[in-house]
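Observations on the model geometry
The primary structure of each chain is shown beneath.
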Amino acid sequence: MHPDLKAVIELQQLDQQVAELTVLIDSLPTQIQTLQSQLDDFIHAHEERKKRLAANLKERKDLEGEVKVIQEKITKHKDQLYQVKTNEQYRAMLKEIEGEENNIRKIEDQILEKMIEAEDIQKHVQEAAARLEGEKARVAAEIKRLQDERQKDLGERERQQARRKEVAALLSESVLALYERIRTNRSGVAVVEARDGLCTACNVRLRPQVYNDVRRNDAVLTCENCSRILHILSLLRSRPRAAIKEQWLVNSC
Ligand SMILES: [Zn+2]
């Protein structure tokens, strides 16, 4: 295989890997933020429920206070029943007492509703409280894992970038310039496989003469349609290094 072609294939592979690593590395802050806001939402909902529970308790106390006030009124009115002078006054007083008792029943219904609501909120508060520490630990562990992964990816990217420098230095200036130009114009993909007479990037059939020349892998040739550099055995897919080396050996023989 032509040394420039071999180098350009590795360069493409390295650039691909660097690009993939960069996507992973750059996506990390968003992933951490997402995790953090999930936890924040959980804590916020928990706090809101606790506030609702406290408010519910206060509302119940207020209602109970209202009942007490009305009960005192009823007691007073019942005492007054014995002091009224006319039947009319007596009936009016009874009616008032009846109205007050109705009010108490209405308020007691409200208290009951509040109690049912409180039971439901209480259940959720207890569940969330039981889960909270676990959630915090889970998120912290996940963030730690992502940060470790990022460190690993950063190290790996540095290694790939160092290797890229070495490989780029092996290339003739003109081929390196050609590679960089195509890479810029073709969304990062400058070197592709030719297979079954086709350019696998643009799917255009190569002229038989061109395909035959490409098959020899002994020159840097480009697709007449998309301008990408062509070669026969694709070494660009993520395969184990050993397998790639093997292919090179086979191809070089
Ligand atoms: Zn093409």
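Preceding block: the structure.
Residues numbered from 1 in each chain as written. Predicted model: local features only at pLDDT ≥ 70, side-chain atom pairs only at ≥ 80, totals over all residues. Heavy atoms only, no water.

Let's talk about the overall build of the chain
The following threshold applies: A run of H or I in DSSP counts as a helix once it spans at least four residues, and a run of E counts as a strand once it spans at least two, with each numbered from the N terminus. Only C-alpha atoms enter the radius of gyration, while the globule expectation follows 2.2 Å times N to the 0.38, with N the number of residues. Under the scheme applied here, a residue whose accessible area is under 20% of the maximum for its type counts as buried, over 50% as exposed, and between as partly exposed, the area being computed with a 1.4 Å probe on protein chains only. By the convention used here, residues are in contact when the closest approach between their heavy atoms is within 4.5 Å. To measure how exposed things are, a 1.4 Å probe is used in the Shrake-Rupley method; for residues, cover is taken only from the protein chains shown. For the purpose of counting charges, residues Lys and Arg are taken to be positive, whereas Asp and Glu are taken to be negative. His and the chain ends are not included. Charge placement uses NZ in Lys and CZ in Arg. For Asp and Glu, CG and CD serve respectively.
Each helix and strand counted, the chain has five helices and four strands in total. Starting at the N terminus and walking to the C terminus, you meet the elements of the chain as α-α-α-β-β-α-β-β-α. In terms of overall dimensions, the chain is more spread out than a globule: its C-alpha atoms have a radius of gyration of 40 Å, far above the 18 Å expected for 253 residues. Along the longest, intermediate and shortest principal axes, the C-alpha atoms of the chain span 125 × 35 × 25 Å. For the chain, the residues scored as buried account for 32% of the 253 residues in total. If you take every contact in the chain between residues at least 6 apart in sequence, the share linking residues at least 24 apart comes to 70%. Carbon and sulfur atoms provide 51% of the accessible area of the chain, an area that totals close to 16,400 Å². Each charge class in the chain can be summarised by its mean position, and for the 44 positive and 44 negative side chains these summaries are 4 Å apart.

Looking at helix H3 (residues 173-185)
What counts, and what does not: Here the expected span of a helix is defined as 1.5 Å times the quantity of residues minus one.
If you check H3, its first and last C-alpha atoms are 18 Å apart, about what 13 residues at 1.5 Å a residue would give, namely 18 Å. Contacts made by the buried residues of H3 are with helix H1 (3-81), helix H2 (87-170), strand S1 (191-195), strand S3 (221-222) and strand S4 (229-231).

A short note on the nonpolar core
Quick note on the threshold: Nonpolar cores are built from buried Ala, Val, Leu, Ile, Met, Phe, Trp, Tyr and Cys residues. Side-chain atoms within 4.5 Å join them into one set.
Grouped together as the largest cluster of nonpolar side chains are 16 residues, with contacts concentrated most on Val8, Leu11, Leu171, Tyr179, Val191 and Ile229. For this core, the elements supplying multiple residues, two or more each, are H1, H2 and H3. The element that contributes the greatest number of residues to this core is H1, accounting for six residues. Excluding residues within four positions of it along the chain, Val8 makes contact with Leu171, Val175, Tyr179, Val191 and Ile229. In terms of nonpolar packing, the next biggest core, distinct from the first, is built from eleven residues, Cys199, Leu206, Val210 and Val214 among them.

Here we look at the environment of Gln36
With respect to the helices, strands and loops of the structure, Gln36 is situated in helix H1. As a C-alpha pair, Gln36 and Gln161 span 125 residues in sequence and 32 Å in three-dimensional space.

Examining a negative patch on the surface
Heads up, the rule is: Patches were defined on residues exceeding 30% relative accessible area and lacking a salt bridge, with like-charge contacts within 9 Å and nonpolar side-chain contacts (Val, Leu, Ile, Met, Phe, Trp, Tyr) within 5 Å. Salt-bridge detection follows one rule: a side-chain nitrogen of Lys or Arg within 4 Å of a carboxyl oxygen of Asp or Glu.
Residues Glu108, Asp109, Glu113, Glu117, Glu119 and Asp120 make up a contiguous surface patch of negative charge. Residue placement: Glu108 occurs in helix H2.

As for unusual backbone geometry
With phi around 45°, Ser187 is a residue other than glycine that occupies positive phi space. Here Ser187 shows up in the loop between H3 and S1. The phi dihedral of Ser227 falls on the positive side, at around 70°, and the residue is not glycine. Among the secondary structure elements, Ser227 is positioned in the loop between S3 and S4. Given the relative accessible area of 34%, Ser227 is considered partly exposed.

Quick notes on H1
The test is simple: A residue's bend is the angle separating two fitted axes: one through the seven residues that end there, the other through the seven that start there.
Between its first and last C-alpha, H1 extends 116 Å over 79 residues, near the 117 Å set by a 1.5 Å rise per residue. At Leu28, H1 shows its maximal bend, which comes to roughly 35°, and the proline Pro29 appears one to four places after that position.

Brief notes about the pattern of salt bridges
Throughout the structure, instances matching the rule amount to 22 salt bridges. Between Glu133 and Lys136 there is a salt bridge whose closest N-O contact spans 3.7 Å. Taken as a pair, Glu133 and Lys136 lie in helix H2 at a separation of three residues, close to a single helical turn. Several salt bridges share partner residues, and in doing so they unite Asp15, Arg164, Glu180 and Arg183 into one network.

Here we look at the packing of H1 against H3
The test is simple: Throughout, an axis means a line fitted to C-alpha atoms (over the contacting stretch in the case of helices), and angles, computed between N-to-C directions, take values from 0 to 180 degrees. Put simply, a crossing is left-handed when the front helix is turned counterclockwise from the back one by less than a right angle, and right-handed when it is turned clockwise.
Remark: H1 packs on H3, axes separated minimally by 11 Å, with the N-to-C direction vectors making an angle of 35°. Judged by the twist between their axes, the crossing of H1 over H3 is right-handed. Touching Asp4, Val8, Leu11, Gln12 and Asp15 of H1 are Val175, Leu176, Tyr179 and Arg183, all from H3.

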